[in-house]
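# An overview of the molecular structure
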There are 2 protein chains.
Amino acid sequence: MAPLGEGSDDPVLPDLPRGPLDAARARASFPWKELALFWDGPDMLRFKKSIFSALENDPLFAHPPGSLSLEKYRELNFLRCKRVFEYDFLRVEDLLGSPQRVLALIQCLGMYDWSLATKFFLHTLTFGSAIYSSGSERHFKYLPKIFNMEIFGCFALTEVSHGSNTKAMRTTAHYDPTTEELIIHSPDFEAAKFWVGNMGKTATHAVVFAQLYTPGGRCHGLHPFVVQIRDPKTLLPMPGVMVGDIGKKLGQNGLDNGFAMFHKVRIPRQDLLNRSGDLTPEGTYVTHVKDSRQHFSESLGSLSSGRVAIAGMSVVNLKLAVSIALRFSATRRQFGPTDQEEVPVLEYPMQQWRLLPYLAAAYALDHFSKSLFLDLVELQQGLLRKDRSARQAELGREIHALASAGKPLASWTAQRGIQECREACGGHGYLAMNRLGDLRDDNDPNCTYEGDNNVLLQQTSNYLLGLLVRRDQGGARIESPLKTVDFLEAYPNILGHRFEGSSPEDCLDSSVPLAAYEWLVCYLLRESYQKLNQEKQSGSSDFEARNNCQPKTSKRCGTQRSPIPTTSESRRAAQVTTGLV
Amino acid sequence: MAPLGEGSDDPVLPDLPRGPLDAARARASFPWKELALFWDGPDMLRFKKSIFSALENDPLFAHPPGSLSLEKYRELNFLRCKRVFEYDFLRVEDLLGSPQRVLALIQCLGMYDWSLATKFFLHTLTFGSAIYSSGSERHFKYLPKIFNMEIFGCFALTEVSHGSNTKAMRTTAHYDPTTEELIIHSPDFEAAKFWVGNMGKTATHAVVFAQLYTPGGRCHGLHPFVVQIRDPKTLLPMPGVMVGDIGKKLGQNGLDNGFAMFHKVRIPRQDLLNRSGDLTPEGTYVTHVKDSRQHFSESLGSLSSGRVAIAGMSVVNLKLAVSIALRFSATRRQFGPTDQEEVPVLEYPMQQWRLLPYLAAAYALDHFSKSLFLDLVELQQGLLRKDRSARQAELGREIHALASAGKPLASWTAQRGIQECREACGGHGYLAMNRLGDLRDDNDPNCTYEGDNNVLLQQTSNYLLGLLVRRDQGGARIESPLKTVDFLEAYPNILGHRFEGSSPEDCLDSSVPLAAYEWLVCYLLRESYQKLNQEKQSGSSDFEARNNCQPKTSKRCGTQRSPIPTTSESRRAAQVTTGLV
């Protein structure tokens, strides 16, 4: 197998440069080029190489010496984003036809700098696909302008006082039939849009979520609207729009997160993104959505895609951190059996024990996030062909549950892995130029955006509990399109299993920890289910009952969990099934 | 009890300002002023208040809007450090007579900004006490100059290629009897002094550690020397000294960490800090230290003091983070039983379960670090009066073991606590102005400096194993001045104990987890002891034997630990006793 490495002037997988890592590399028990080829495939390797080569050879992407001011960094990041469009790595048709290339581009840009990757995809994907998938033909005029950067976009949902609770958003959109306009308004400071990526300095247009009111004062709930916020020539705010940058963050400081308040800003009726509901010129609200359940079901796909993407982004960070730490450890020498001969720190069992599990996790999570991404692509193809089958709906729910747990798993593993790598490199890990700090800071929001990890886990537990309820109440078999929950069908049996290993060797087979996890999920599910029923029978409202079953000693709840803090990993595992809001 | 709060125009504990926290505060079940008084005592409260008032009222300490460049921040931090001396919070005599005031000053400065606190104490305490305790009368001329900032100091031990392994340091000091001078020299880049706080921009003098060579080429090991590195008027480097700033770090960027290379820099013979060894004018090495064991024993006190200080610094960070997160959580409202009435997120069991254990840890670790500090003061008083008793030596070893485990415990707990606080504040926790990022970044090096946490834990395990060996070989009772290890005397009995709790209530008594920890320590000690003996009997050298017993599955070692990664906390606990290098 030599299709990529040899016999070419510009091989996709050139030999590694000679240097202090040679000794460690010479001890590899497998050929690394074959692994790379097996893992990514030749097409993807070539695509990635073309991206990296372009960035490497363009002075705009050189890392300037010293540290940039916030202003300069944001300006440079915008110029780089513009250049990425000029390179034309993706064509419009790739967005639907080659989703894997889209993912690869984001990850390559992220390897270079997450501020660039997020700036690019917030405009192209988040803003662009909100218009494409929430709007209709009358909005498609925006799409070419997105791709030639005539306009630059952002997605404005979060407000100062509300993030997770989207229903409580307070920006309003009142319809005025006399002019056929919608009046976008922020009632007060707490309703200001906040955290919006690209809004701080550069966005000219925003998809703004606001409560839609028709004449007579009836509220139809949160809807998306296209609102121009800046003049594309001068970048000065449009009349009635107060917009600015929210300032320094812990990381991703090349990205200009912003805020905006709207003072009775008028937009044409047509700029309501009308996929789920529309207005007649007279101001009558019309919708094909029968109930909130259908609406929810249709929106699961877009909720999942952000989370699946974040799982992949987290893996990239873990890969980078582990590579840095392992290479350092293979060359850093400290102590040894004699004064003459110091040992590379990677040879110490302690260092291996700190780093190698994260190397393994990087491979496992990379595979997981890629396969979940392919499942998501299948789901979205179903949505596009308006598949309303039961399987499609069930696939949406399963992927939503997997993404809601997979994103916390990947982002937390990366967060802890990067920290371990930082510490395992000692003082040198604390030097900014060695990048572990940037990786940690840029990865950190993966734990928060698109749903706080702890809150998200509760969505997965809701899904699992729902399966149990359906099984108990209607006798339905537990089976899902991707088969990830089919083991729950054996739920009472599994609870009867006992661990029977007696030596470390007994645990080396992966079926052993797998069986232990299955048991744990069943156990925690049963506990949660019983607690929730108990709460409800004692007269608690749904809100109270779910609250009181969150993982915490609560007298009212009569919990069986110990008040002694358990270790964080088992707490996290417990949350998946016992957290219920 | 009203000595501090009422009846004064400027009370030490004024009432808290009215605001959105009132509702939560009104529900406290205890009077907070009494707790503060009980916890700190009136003198300490007054001292802290005087420091905070001075900083609050001085424009030099105002936080400038926006972010400072690295250069500006370092400049401003130096000016602030100078101003702290002008305020005269401490007198020279306080350094010996009122150690608690010294600690309180560091912690108050750290609450304001760790870059300032570290800059101040690296000069005053680390540099100053290295001269005071490693030198003799001939060096006391430097002390007044330290306190009036005529000179500014740093402590240069670490080199680019060596941190933990101090024996492998390669800077040299050759004695030239013809001029009665020592020649300080860095053989190459890897021997450059590196990471030295204050060296980057501002230090005029350094305590430099170098291998001392007498004529004829005999090496007497690492010794400290006072070396002038810059002109105090111009801050230009002295001839032969190449000195500079190592650049941006993950945190503490107001502190100018630096590097230095010496090219045959000549200093007078008298600038050898001669407490452990001296040179005659002719170049004969003289020492009162009989053997390396005595030398080691005498240096334990100074090793411990850095670690005890870091435990206290970590607690300060945890306190700040928990306060920020709890106040935010008491006012941030999200979701609720009806649309009208949202609930403060602190009311959710999940939020309490995330944050309250860290509030408890802040109190527990604050008490622990203060009491350990008082024990350290006792140890140092013994050193000053040249106490050579067995108790004094044993106290040194016990405090060294406690500090070597206490510093990892406090710094890791703070690191994780700050991260949990960051995440528990959602997006707002990721905004730089809310300070959780700075706290995390400034706390992070506490896991690394004065000994990497993982390496330090092995020092505690060495101490514990040593007790066991002495008991088994000589039948000596296990007892220590502070009684922290006396429970090990019952070691075989403890291993026979079984957990007998059957309900959560059974675990509420603190004796239950305490007994569990005692059992765990005994169990891991026995395992480690057996493994180590087995290794030695099979012919491994000391170095190999200890290495192979580090926590990791190793075929050679025949370990009984499972290769499945255990949770990180239990891994850490295991390290205390099983890590052995």
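For every chain, the first residue of the written sequence is number 1, and numbering continues from 1 onward in sequence order. To read the labels, note that chains go from A and ligands from 1, taken in the order they are written. Thresholds applied to this predicted model are a pLDDT of at least 70 for local features of residues and 80 or more for the giving and counting of side-chain atom pairs; totals over whole chains, interfaces and linings are not thresholded and use all residues. Side-chain descriptors were evaluated using all non-hydrogen atoms of the structure, hydrogens and water having been removed beforehand.

### Quick word on the overall build of chain A
Secondary structure elements are defined from DSSP: runs of H or I of at least 4 residues count as helices, runs of E of at least 2 residues count as strands, and each element is numbered from the N terminus. When you go through chain A residue by residue, the secondary structure sums to 18 helices and 11 strands. To get the radius of gyration, use the C-alpha atoms; to get the globule rule, take the number of residues to the power 0.38 and multiply by 2.2 Å. Relative to the compact-globule value of 25 Å for 581 residues, chain A shows a C-alpha radius of gyration of 26 Å, a close match. Its C-alpha atoms give chain A principal-axis dimensions of about 90 × 65 × 45 Å. Residue exposure (1.4 Å probe, protein chains only): buried if accessible area is under 20% of the type maximum, exposed if over 50%, otherwise partly exposed. By residue count, 51% of the 581 residues in chain A fall in the buried class. With residues, only the protein chains shown are counted as cover, and all accessible areas are computed by Shrake-Rupley using a 1.4 Å probe. Working note: accessible area of chain A is about 26,600 Å², and carbon and sulfur atoms make up 56% of it. None of His or the chain ends enter the tally, which takes Lys and Arg as positive and Asp and Glu as negative. Here the site of a charge means NZ on Lys, CZ on Arg, CG on Asp, or CD on Glu. A gap of 4 Å separates the mean positions of the 65 positive and 65 negative side-chain charges of chain A.

### Here's the deal with unusual backbone geometry
As a rule of thumb, non-glycine residues mostly have phi less than zero, and peptide bonds are mostly trans rather than cis. A positive phi is found at leucine 235 of chain B, a non-glycine position, where the angle reads about 60°. Mapping leucine 235 of chain B onto the fold places it in the loop between strand S6 (218–228) and strand S7 (241–245).

### Section: helix H11 (residues 390–424) of chain B
Taking 1.5 Å of rise per residue, 35 residues should cover 51 Å, and H11 of chain B covers 50 Å from first to last C-alpha, within 8% of that figure. Trailing H11 of chain B by a residue or two, glycine 426 of chain B shows a phi angle of about 60°, which is positive. An expected span of 1.5 Å times one less than the residue number is assigned to each helix.

### Some remarks on the domain arrangement of chain A
All names here are of chain A. Marked domain ranges trace back to an automatic or database domain assignment. Once the domains are mapped, chain A shows domain 1 (32–147), domain 2 (153–281) and domain 3 (290–451). One C-alpha centre belongs to domain 2, the other to domain 3, and the line joining them spans 32 Å. Each partner contributes residues to the interface: domain 2 has five residues there, and domain 3 has seven residues. Buried surface area refers to the total accessible area, computed with a probe of radius 1.4 Å, that the two partners give up upon joining, counted for both partners together. In this assembly, domain 2 packs against domain 3 so that about 450 Å² is buried in total across both faces, 40% of it on carbon and sulfur atoms. Whenever a nitrogen or oxygen atom comes within 3.5 Å of another N or O atom, the pair is scored as a polar contact, on the condition that within protein one atom can donate a hydrogen and the other can accept it, and that pairs from neighbouring residues in sequence are kept only if both atoms are in side chains. Counting every contact that joins domain 2 to domain 3 gives two residue pairs in polar contact (both at pLDDT 80 or more). Gly falls in the polar group here, along with every residue not listed as nonpolar (Ala, Val, Leu, Ile, Met, Phe, Trp, Tyr, Cys, Pro) or charged (Asp, Glu, Lys, Arg). Along the lines of polarity and charge, the residues of the side of domain 2 that touches domain 3 split into one nonpolar, three polar and one charged. A contact between two residues is defined here by any heavy atoms of the two lying within 4.5 Å.

### Some words on the relation of the copies chain B and chain A
The copies were overlaid with a least-squares fit restricted to C-alpha atoms from residues scoring a pLDDT of at least 70 in each copy. Mapping chain B onto chain A is achieved by rotating through 180° and translating by 0.0 Å along the same axis, at an RMSD of 0.0 Å. In symmetry terms, the pair is related by a two-fold rotation axis. A shared interface surface links the copies, since 100% of the contact residues of chain B are contact residues in chain A too.

### Considerations on the interface of chain B and chain A
Taken together, the contact pairs 78 residues of chain B with 78 residues of chain A. Summing the contributions of chain B and of chain A, the shared interface buries around 6,900 Å²; its carbon and sulfur component is 58%. Contact with chain A buries surface across chain B, with Leu250, Trp353 and Tyr430 of chain B losing the most and accounting together for 12% of the total. Put simply, a salt bridge is a Lys or Arg side-chain nitrogen that is within 4 Å of an Asp or Glu carboxyl oxygen. Counting every contact that joins chain B to chain A gives eight salt bridges. Across the salt bridge formed by aspartate 444 of chain B and arginine 440 of chain A, the nearest N and O atoms sit 2.8 Å from each other. Within the residue set of the side of chain B that touches chain A, elements represented by two or more residues are strand S4 (193–197), helix H10 (349–384), H11, helix H12 (426–429), helix H13 (436–443), helix H14 (453–474), helix H17 (542–548) and helix H18 (568–578) of chain B.

### Concerning the sheet that holds strand S4 (residues 193–197) of chain A
Residue and element names in this part refer to chain A. When DSSP finds at least two bridges between two strands, those strands are taken to pair. Strand order across the open sheet formed by three strands is S4-S8-S7, with antiparallel pairing between neighbours. Where the open sheet ends on each side, the last strands, each with one partner, are S4 and strand S7 (241–245). For this sheet the average axis-to-axis angle between neighbouring strands, irrespective of direction, equals 25°. Two elements, S7 and strand S8 (residues 257–262), share five bridges in a ladder whose sense is antiparallel. Pairing of methionine 242 across the sheet is with methionine 261, part of S8. Here the axes come from fitting lines to C-alpha atoms, over the contacting stretch only for helices, and the angles between their N-to-C directions go from 0 to 180 degrees.

### Side note on the packing of aromatic side chains
Only the six-membered ring of Trp is used, alongside the rings of Phe and Tyr, when aromatic pairs are assigned; centres must lie within 6.5 Å, and planes under 30 degrees apart are stacked while those over 60 apart are edge-to-face, with the rest tilted. With the rule as written, the count across this model stands at 24 aromatic pairs over all chains. Between phenylalanine 85 of chain B and phenylalanine 120 of chain B, the ring centres sit 4.9 Å apart and the planes meet at 45°, which makes this aromatic pair tilted. In this pair, phenylalanine 85 of chain B is assigned in helix H4 (residues 70–87) and phenylalanine 120 of chain B in helix H7 (residues 114–134), connecting sequence segments 35 residues apart. In this structure phenylalanine 85 of chain B comes out as buried when scored by relative accessible area, which is 13%. Classification of phenylalanine 120 of chain B as buried rests on a relative accessible area of 6%. The rings of Phe85, Phe120 and Phe147 of chain A are connected pair by pair, giving a single aromatic cluster.

### Focus on the packing of helix H3 (residues 42–56) of chain B against helix H6 (residues 99–112) of chain B
All names here are of chain B. Interhelical geometry of H3 versus H6 gives an angle of 40° and a closest axis separation of 10 Å. Classed by the angle they form, the pair H3 and H6 counts as oblique. The two elements H3 and H6 cross, and the hand of that crossing is right-handed. Contacts between H3 and H6 involve Met44, Phe47, Lys48, Ile51, Phe52 and Leu55 on the former and, on the latter, Gln100, Arg101, Ala104, Leu105, Cys108, Leu109, Met111 and Tyr112. Angular relationships are summarised with four words: roughly parallel below 35 degrees, roughly antiparallel beyond 145, roughly perpendicular across 65 to 115, and oblique for the angles in between. Left-handed describes a crossing whose near helix is turned anticlockwise from the far helix through less than a right angle; right-handed describes the clockwise counterpart.

### Quick word on the state of the cysteines
Here, disulfide denotes a covalent bond that connects the sulfur atoms of two cysteines. Pairs of cysteine sulfur atoms within 2.5 Å are identified as disulfides in what follows. Per the stated rule, a full pass over the model turns up zero disulfides over all chains. With no disulfide of its own, cysteine 154 of chain A has cysteine 81 of chain A as its nearest cysteine by sulfur position, at a separation of 13 Å.

### Some remarks on the confidence of the model for chain A
Any region with low pLDDT has predicted coordinates that should not be read closely. Residues and elements named next belong to chain A. Confidence scores here are pLDDT values: one per residue, from the predictor, ranging 0 to 100. Chain-level pLDDT for chain A is 89 on average; 91% of the residues reach the 70-or-more range. In the model, residues 552–581 has pLDDT below 50 throughout and makes 91 contacts with residues more than four positions away in sequence or in other chains. Across the interface, the model reports ipTM at 0.91; the global pTM reads 0.92.

### Describing the nonpolar core
Burial of nonpolar side chains together is a common tendency in soluble globular proteins. Nonpolar cores were defined as sets of buried Ala, Val, Leu, Ile, Met, Phe, Trp, Tyr and Cys residues, with membership established by side-chain atoms within 4.5 Å. In this structure, Leu105, Leu109, Phe120 and Leu318 of chain B are the most contacted members of the largest nonpolar core, which totals 53 residues. Of all the secondary-structure elements, those providing two or more residues to this core are H3, H4, H6, H7, helix H9 (292–331), H10, H11 and H13 of chain B. With 11 residues, H9 of chain B is the single largest residue contributor to this core. When we break this core down by domain, the ones giving at least three residues each are domain 1 (32–147) and domain 3 (290–451) of chain B. Beyond its immediate chain neighbours, meaning those up to four positions away, leucine 105 of chain B contacts Phe47, Ile51, Phe89, Leu90 and Phe120 of chain B. Counting 52 residues, the second largest nonpolar core, distinct from the first, contains Val84, Val322, Ala361 and Leu436 of chain A.

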